[in-house]
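# Residue-level structural notes
Spelled out from the first residue to the last, the chains are:
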Amino acid sequence: MNMKQTTIRNIALTGLFIALGIALPMTIAHIPQSGQIFLPMHIPVLLCGLICGWQYGMFCGPATVGLSMLFTNMPPVYFAIPMFFELAVYGLIAGLVIKIINGIHKEPKGVIQKLDCVLALVAAMLCGRIVLGAAIVVVDMIGVAHPFGGVPYTFAAFITGTFVTALPGLAIQLVLIPTIMLALQKAGLLSKK
């Protein structure tokens, strides 16, 4: 694929991932706190970073949150603002780490190993969740929104909300995304960049 074809492909895929990021949360919206538990919006953003690259992943995150909020009123504004930053970091870090790992390996370009994918995901998840916590603190401090209704955002609330409550979603991402990536690779759908 030449540079122009790759760019067109990445733009089209980014649009697809944004659409998935809007649609997936709607499929489980009837379950209370499903977004915070299963993190359905994160999966397409992480895939975008891994498949299209960090630039597209970094754009995909905030675009998904903004358009989802506009079209579906999910997430609510007080969570959307911190999520803009969290999901931008998810796409950015997933794309950067997989690019760095691919640069270190002597594998042909476009070939992804399962462990490499898991490492990129763990790095993205840790960085994204830390940025989410920091963004919630800043948003609460400057009074833009009060995600917890005026209740102070403590370190315990951060750990509980970003890791304990989200554990099912994080586990789903660590199993599902490498499986999808390997299936796409096996089918020859991950192009050589």
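As the structure is a computational prediction, the values presented were derived from the model and not from experiment.

Right, let's get into unusual backbone geometry. For the bond running from Met-74 to Pro-75, omega is -5°, close enough to zero to count as cis. Here Pro-75 lies in the loop between helix H4 (54-72) and helix H5 (77-104). One non-glycine residue, Leu-39, lies in positive phi territory at about 50°. Position of Leu-39 among the secondary structure elements: in the loop between helix H2 (34-38) and helix H3 (42-52). A positive phi angle is found at Asn-73, which is not glycine, with a value near 60°. Position of Asn-73 relative to the elements: it lies in the loop between H4 and H5.

Here helix H1 (residues 3-27) is 25 residues long and its end C-alpha atoms lie 36 Å apart, about the 36 Å a rise of 1.5 Å per residue gives. The secondary structure elements touched by the buried residues of H1 are H3 and H4. Structurally, the start of H1 carries an N-cap: the backbone nitrogen of Lys-4 is 3.1 Å from a side-chain oxygen of Asn-2.

We now examine a nonpolar patch on the surface. A contiguous nonpolar surface patch, about 280 Å² in accessible area, is contributed by Ile-31, Phe-38, Ile-172 and Leu-176. Within the fold, Phe-38 resides in helix H2.

Here we take up the packing of aromatic side chains. Considering all chains together, one arrives at one aromatic pair under this definition. When the ring of Tyr-78 is compared with that of Phe-79, the centres are 4.9 Å apart and the planes differ by 55°; the resulting orientation is tilted.

A few words on the pattern of salt bridges. One pass over the structure, following the stated rule, counts one salt bridge. Among the salt bridges present, the one from Glu-86 reaches Arg-129, with a minimum N-O distance of 2.4 Å. With Glu-86 in helix H5 and Arg-129 in helix H6 (residues 114-142), this pair connects stretches of sequence that are 43 residues apart. Assessed through its relative accessible area of 3%, Arg-129 is described here as buried.

Conventions and cut-offs
- Going along each chain's sequence as written, the residues are numbered from 1 onward.
- Under the rules for a predicted model, residues below a pLDDT of 70 receive no local features and side-chain atom pairs below 80 are neither given nor counted, while totals for whole chains, interfaces and linings still include all residues.
- With hydrogens and water excluded, all non-hydrogen atoms of the structure serve as input to the side-chain values.
- The numbering of helices and of strands both runs from the N terminus, where a helix is a DSSP run of H or I of at least 4 residues and a strand a run of E of at least 2.
- Expected span of a helix: the number of residues minus one, times 1.5 Å.
- Note on contacts: a residue pair is in contact if any heavy atoms of the two residues lie within 4.5 Å.
- Throughout this description, a polar contact denotes any pair of N or O atoms lying within 3.5 Å of each other; where both atoms belong to protein, one of them has to be capable of donating a hydrogen while the other can accept it, and for residues adjacent in sequence the pair is counted only when both atoms sit in side chains.
- Like-charged residues within 9 Å of one another, or nonpolar side chains (Val, Leu, Ile, Met, Phe, Trp, Tyr) within 5 Å, are grouped into patches, provided each residue has over 30% relative accessible area and no salt bridge.
- Here the Shrake-Rupley method, with its probe set to 1.4 Å, supplies the accessible areas, and only the displayed protein chains count as covering residues.
- When a carboxyl oxygen of Asp or Glu is within 4 Å of a side-chain nitrogen of Lys or Arg, the pair counts as a salt bridge.
- Aromatic pairs are defined between Phe, Tyr and Trp rings, using the six-membered ring for Trp, whenever the two ring centres lie within 6.5 Å; interplanar angles under 30 degrees are classed as stacked, those over 60 as edge-to-face, and all others as tilted.
- We call a residue buried when its accessible area falls under 20% of the maximum for its residue type, exposed when it is over 50%, and partly exposed in between, using a 1.4 Å probe and counting protein chains only.

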